[in-house]
Amino acid sequence: MTKLLEIENLHARIGDNEILKGLDLSVGAGEIHAIMGPNGAGKSTLSKVLAGAEDYVVTSGTIRYQGQDIAEQSAEQRAAHGIFMGFQYPVEIPGVSNMMFLKAAVNAQRKERGEPEMAANDFLAWVRHRVKQMKMDPAMLSRGVNQGFSGGEKKRNEILQMLVLEPKLMVLDETDSGLDIDALKIVSDGINAMRSPERATILVTHYQRLLDYVQPDFVHVLAAGRIVKSGGPELARELEEKGYGWLQAA
Amino acid sequence: MSDIHASWGEAFARFAGGLPAVDHAARSAAFDEFIQHGMPDDAIERWHYTDLSAFPKKPVQLATAAALGGYARWQLSGCDERIWLNARNVAGASSATASLPSLDAHAGIAGLHRAFAQPGLQLDVGPGTALARPVHALTVTTADADGEMTHLAHRISLARGAAATVILQNVGLPGATRFSTQSLTVELAEQAQLTLIRVQDESRSTTQWLQTDVNVGRDARFQLVNVDLGGKLIRNDWRVKLTGPGASTELAGLFAADARVHLDNQYEIDHIAPHGTSHQYFRGLGFGPSKAVLNGRVVVRPGAQKTDSEQRIANLMLAKGAEIDAKPELEIYADDVKCAHGASCGQLDDTAVFYLRTRGVPETQARALLTYSFINSVLERIAHAGLRTRIARQVTALLGADLDFDAIGDLS
Ligand SMILES: Nc1ncnc2c1ncn2[C@@H]1O[C@H](COP(=O)(O)OP(=O)(O)OP(=O)(O)O)[C@@H](O)[C@H]1O
Ligand SMILES: [Mg+2]
């Protein structure tokens with residue numbers, strides 16, 4: 001069976017700086033993968049390359065999503081086909097309301113997929129349902145995107161967007177950082193709610209804490225631009241105990 | 001006398017009889033001023049970026065009334081509508097007889113305007129009266145024959161404690177080359193409050209000079225949102241005098257210079273009395289090979305102690321070949337004042353564009369949304385939702401995007 005995501009020998013650089021240096025990763029539908037690793041290892045780079053960032057140049061290797069090489073696909077095409085990236089540092093867009101933003105996103109994706117626009121009322125009901133699920137104040141919908149949001153609120157908003165868009169492959173870059181205990185629970189519930197046999201999630205995280213709520217099937221260590229070790233949930237606990245030093249030699 | 005002056009002289013002789021019978025002697029004197037001083041050229045400091053000395057070359061004629069039933073599409077809900085078509089009042093009474101405006105401007109061009117001045121909005125609001133609805137003064141210009149011109153003079157006068165909102169919108173239909181001047185004089189008595197929304201949206205073959213003179217009296221307030229959407233060559237002059245103690249003004253503006261537009265905005269605030277406040281807040285967009293100038297000059301006179309003045313200009317360059325010259329200027333002759341200014345110029349943030357694209361929003365639309373975000377702080381000052389949306393749509397359309405503004409929601 002083809003994997004949902006298959007990355008082979010991926011090399012990517014920004015400017016003259018090679019950051020991903022032969023990375024392999026394969027993610028099957030229905031799976032949750034955690035990626036951990038030291039600061040500067042290339043975790044955010046991997047997330048952005050998957051999402052289609054154009055400032056990174058893929059020099060060799062392939063990314064296959066749903067069996068297709070997506071090298072030529074723009075970020076917006078990837079999004080329409082179900083790839084979602086939760087940003088480590090979500091962007092503020094003052095004056096563009098969350099509602100306008102979500103509607104623009106949903107309708108653009110539907111258009112790209114050749115589906116009709118959602119009726120305004122259905123859309124509003126759908127978004128309200130997701131806002132409630134994230135235990136957010138519906139008033140946030142008329143506020144600017146992440147405008148004046150706290151760090152934790154921004155992360156929660158990333159998950160709200162994910163729930164509204166219902167992607168197939170979710171790449172969540174440190175969505176757990178900066179969350180208080182209750183928010184971590186809500187965010188985890190959101191991620192778990194999206195768990196299904198057709199979907200997969202890649203959680204980039206520094207902490208075991210998130211993995212207590214969202215049980216990963218696989219844990220990988222990304223160091224110096226490559227996956228240097230893979231294992232089950234126990235690997236995360238081992239890392240929490242020992243750090244990354246013992247792997248560096250590997 | 002040069003050929004240009006000869007052709008103007010002929011035009012004045014031809015049309016003087018047809019102009020409203022106000023003060024013919026004054027019109028003639030104004031015309032002489034024009035002939036004597038000519039049009040301003042770029043050797044004059046205030047006209048550094050714009051030279052009208054060779055303009056217009058062809059003989060000119062006053063625009064004639066045209067049949068146009070289609071102005072309904074610019075009308076705004078909930079407003080008191082006054083409409084001028086080719087400088088003739090066609091809807092909503094133009095009250096009071098107009099007299100020629102006195103303008104703090106270049107003597108030549110002011111002379112030209114006064115010589116040909118046609119009565120525009122004449123709004124007088126009595127003491128303590130607050131107008132329930134905004135006045136929407138809409139001027140539409142058609143473009144039937146080359147070289148037609150219009151010279152509207154508007155006047156707003158608020159008595160003590162009066163309050164009004166006025167939307168002054170100029171729309172020029174595409175077509176033949178045109179020349180127009182337009183003046184607005186505003187008198188605000190003690191504690192009067194005027195909110196003025198000015199939308200300038202001319203055809204790409206129009207050369208236009210706009211002059212606004214405002215006197216803000218004791219504890220009165222003048223609040224402006226000016227939107228410049230273009231023309232061929234637009235010169236927009238503002239002179240705001242804070243003449244009474246405690247007078248305040250906020251000048252907010254947004255301009256969009258798309259391809260081949262020359263747009264020159266000159267704002268001058270004169271703090272004459274103490275305890276005055278002035279805020280300037282501008283956002284500029286450069287869309288293509290175009291030139292925009294924004295000069296914000298603040299003068300604080302010796303007697304204007306405790307003045308509080310701030311100027312903020314931010315520009316966004318959206319295409320190669322766009323040029324925006326933004327210059328805050330401060331001249332302070334009082335010692336106990338608080339003045340701040342700043343100007344910046346930048347491009348859209350790549351990370352923000354990428355953020356939107358990862359949500360499925362195509363690049364063109366992403367750039368338009370971020371441009372909308374950039375100008376929103378000015379747009380939200382436009383206290384009419386329909387007009388606000390229309391302007392947002394028009395500006396973002398310059399980026400090739402068609403955004404769904406129905407989903408904006410309540411931003412307040
Ligand atoms: N624009 C850039 N130019 C040069 N180097 C860059 C650029 N962007 C990122 N890098 C470098 O790429 C490396 C990987 O960065 P990345 O953000 O992917 O790390 P990370 O694994 O996500 O780290 P963290 O755990 O701190 O979030 C870092 O050394 C970083 O400095
Ligand atoms: Mg990172």
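Reading guide: rules and limits
- Residues numbered from 1 in each chain as written.
- Chains lettered and ligands numbered in written order.
- Predicted model: local features only at pLDDT ≥ 70, side-chain atom pairs only at ≥ 80, totals over all residues.
- Heavy atoms only, no water.
- Pairing = 2+ DSSP bridges.
- Helix = DSSP H or I, 4+ residues; strand = E, 2+ residues; numbered from the N terminus.
- Axes fitted to C-alpha atoms, helices over the stretch in contact; angles between N-to-C directions.
- Contact = heavy atoms within 4.5 Å.
- Donors = N, O, S within 2.8 Å, 3.2 Å for Na, K, Ca; no water.
- Buried < 20%, exposed > 50% of the residue type's maximum accessible area, 1.4 Å probe, protein only.
- Domains from an automatic or database assignment.
- Buried area = accessible area lost by both parts, 1.4 Å probe.
- UniProt positions renumbered as here; feature names shortened; annotations may be inferred.
- Salt bridge = Lys/Arg side-chain N within 4 Å of Asp/Glu carboxyl O.
- Polar contact = N/O pair within 3.5 Å; in protein donor to acceptor, adjacent residues only side chain to side chain.
- Nonpolar A, V, L, I, M, F, W, Y, C, P; charged D, E, K, R; others polar.
- Near = heavy atom within 4 Å.
- Areas by Shrake-Rupley, 256 points an atom, 1.4 Å probe, with all protein chains shown as cover.

In the nomenclature of an unreviewed UniProt entry, chain B corresponds to Fe-S cluster assembly protein SufD from the organism Solimonas terrae.

Looking up chain A in an unreviewed UniProt entry gives the name Fe-S cluster assembly ATPase SufC, with the organism given as Solimonas terrae.

Asker: Outline the sheet that holds strand β7 (residues 163-172) of chain B, supporting the account with residue identities and numerical values.
Answerer: Residue and element names in this part refer to chain B. Here 10 strands make up an open sheet; going across it, the order is β3-β2-β5-β7-β9-β11-β13-β15-β17-β19 and the pairing mixed. Both outer strands of the open sheet, β3 (88-91) and β19 (338-346), are each paired with one neighbouring strand and no more. Adjacent strand axes in the sheet meet at a mean angle of 10° when their direction is disregarded. Relative to strand β17 (residues 308-317), strand β15 (residues 277-286) runs parallel, the two being bridged by 10 bridges. Paired with S278 across the bridge in β17 is S309. Contacting β7, β9 (193-201), β11 (221-228), β13 (248-257) and β15, helix α6 (residues 385-397) runs over the sheet at an angle of about 30° to β9.

Asker: So what's going on with the coordination of the magnesium ion (ligand 2)? Which residues, and what values?
Answerer: All names here are of chain A. The magnesium ion (ligand 2) binds to the protein through S44 (OG) and Q88 (OE1), with metal-donor distances spanning 2.0 to 2.2 Å. Of this pair, S44 sits in helix α1 (residues 43-51) while Q88 sits in the loop between β6 (83-86) and β7 (93-97), and the two are 44 residues apart along the sequence. Take S44: its relative accessible area is 19%, and that puts it in the buried class.

Asker: Now, about helix α3 (residues 107-116) of chain B: what can you tell me, with residues and values included?
Answerer: The element α3(B) is largely enclosed, with a buried count of 8 among its 10 residues. Of all the positions in α3(B), only G108(B), I109(B), A110(B), G111(B), L112(B), H113(B), A115(B) and F116(B) are classed as buried.

Asker: Let's hear about α1(A): which residues, and what values?
Answerer: In terms of residue burial, α1(A) counts as a mostly covered element, since 8 of its 9 residues are buried. Of the residues one or two after α1(A), G52(A) is the one with positive phi, at around 105°.

Asker: Just give me the short version of the domain arrangement of chain B, but keep the residues and values in it.
Answerer: Residue and element names in this part refer to chain B. Per the domain assignment, the segments of chain B are domain 1 (2-244) and domain 2 (349-412). One C-alpha centre belongs to domain 1, the other to domain 2; they are set 31 Å apart. Across the boundary between the two partners, domain 1 contributes 14 residues, which contact 10 residues of domain 2. For the pair domain 1 and domain 2, the two sides together bury roughly 1,000 Å², of which 71% comes from carbon and sulfur. When residues of domain 1 are sorted by the area they lose upon contact with domain 2, L76, V225 and L229 head the list and together hold 40% of the total.

Asker: Could you give an account of the sheet that holds strand β2 (residues 17-27) of chain A, with specific residues and numbers?
Answerer: All names here are of chain A. As summarised here, the arrangement of the 4 strands in space is β2-β1-β4-β5, forming an open sheet in which the pairing is antiparallel. Where the open sheet ends on each side, the last strands, each with one partner, are β2 and β5 (68-69). As paired strands, strand β4 (residues 57-65) and β5 are joined by 2 bridges and run antiparallel to one another. Among the inter-strand pairings, Y65 is bridged to a residue of β5, identified as Q68. Here α1 sits on the sheet in contact with β1 (5-14), β2 and β4, set at roughly 110° to β1.

Asker: Give a description of the UniProt feature "domain: SUF system FeS cluster assembly SufBD core" (unreviewed entry) in chain B that names residues and reports values.
Answerer: Feature annotation in UniProt assigns "domain: SUF system FeS cluster assembly SufBD core" (unreviewed entry) to the following positions: residues 144-374 of chain B. As a span, residues 144-374 of chain B carries 9% helix and 61% strand, and end to end its C-alpha atoms are 37 Å apart.

Asker: Break down the interface of chain B and chain A for me, citing the residues and quoting the values.
Answerer: With 25 residues of chain B in contact, the opposing surface of chain A contributes 35 residues. Between chain B and chain A, roughly 2,400 Å² of surface is buried when both sides are summed, and carbon and sulfur atoms account for 65% of that area. Summed over the shared surface of chain B and chain A, the result is 3 salt bridges. The shortest N-O distance in the salt bridge between R357(B) and E54(A) comes to 3.2 Å. Applying the counting rule to chain B against chain A returns 11 residue pairs in polar contact (both at pLDDT 80 or more). Elements represented by at least two residues in the side of chain B that touches chain A include exactly α4 (350-358) and α5 (363-379) of chain B. The residue makeup of the side of chain B that touches chain A, split by class, is 14 nonpolar, 6 polar and 5 charged.

Asker: Could you give me a rundown of the site of ligand 1, with the residues and numbers involved?
Answerer: Residue and element names in this part refer to chain A. In the region of ligand 1, 14 residues are neighbours, and G40, G42, K43, S44 and T45 sit closest. N17 places a side-chain nitrogen or oxygen 3.2 Å from a nitrogen atom of ligand 1. In isolation ligand 1 offers 640 Å² of accessible surface; the protein chains occlude 62% of this area. Mapped by element, the contributors of at least two residues to the shell around ligand 1 are β2 and α1. Looking at side-chain class alone, the shell around ligand 1 contains 4 nonpolar, 8 polar and 2 charged residues.

Asker: Describe in detail the pattern of salt bridges, supporting the description with residues and values.
Answerer: For the coordinates displayed, the defined rule picks out 36 salt bridges over all chains. E158(A) serves as the salt-bridge partner of R359(B), at 2.7 Å between the closest nitrogen and oxygen. Here the residue R359(B) occupies a position in the loop between α4 and α5, and E158(A) occupies one in helix α5 (residues 151-165), the pair thus bridging two chains. Under the relative-accessibility criterion, R359(B) is labelled buried at 0%. With a relative accessible area of 0%, E158(A) lands in the buried category. For R381(B), the salt bridge is made with E250(B), and the minimal N-O distance between the two is 3.1 Å. Within this pair, whereas R381(B) is found in the loop between α5 and α6, its partner E250(B) is found in strand β13, the two being separated by 131 residues in sequence. For E250(B), a relative accessible area of 12% translates into the label buried.

Asker: Which residues make up the side chain of T141(B), and what are the values?
Answerer: Among the structural elements, T141(B) can be located in strand β5 (residues 135-141). Those residues in contact with T141(B) that lie beyond four places of it in its chain are N86(B), T150(B), V171(B), G172(B), L173(B), R178(B) and E202(B).

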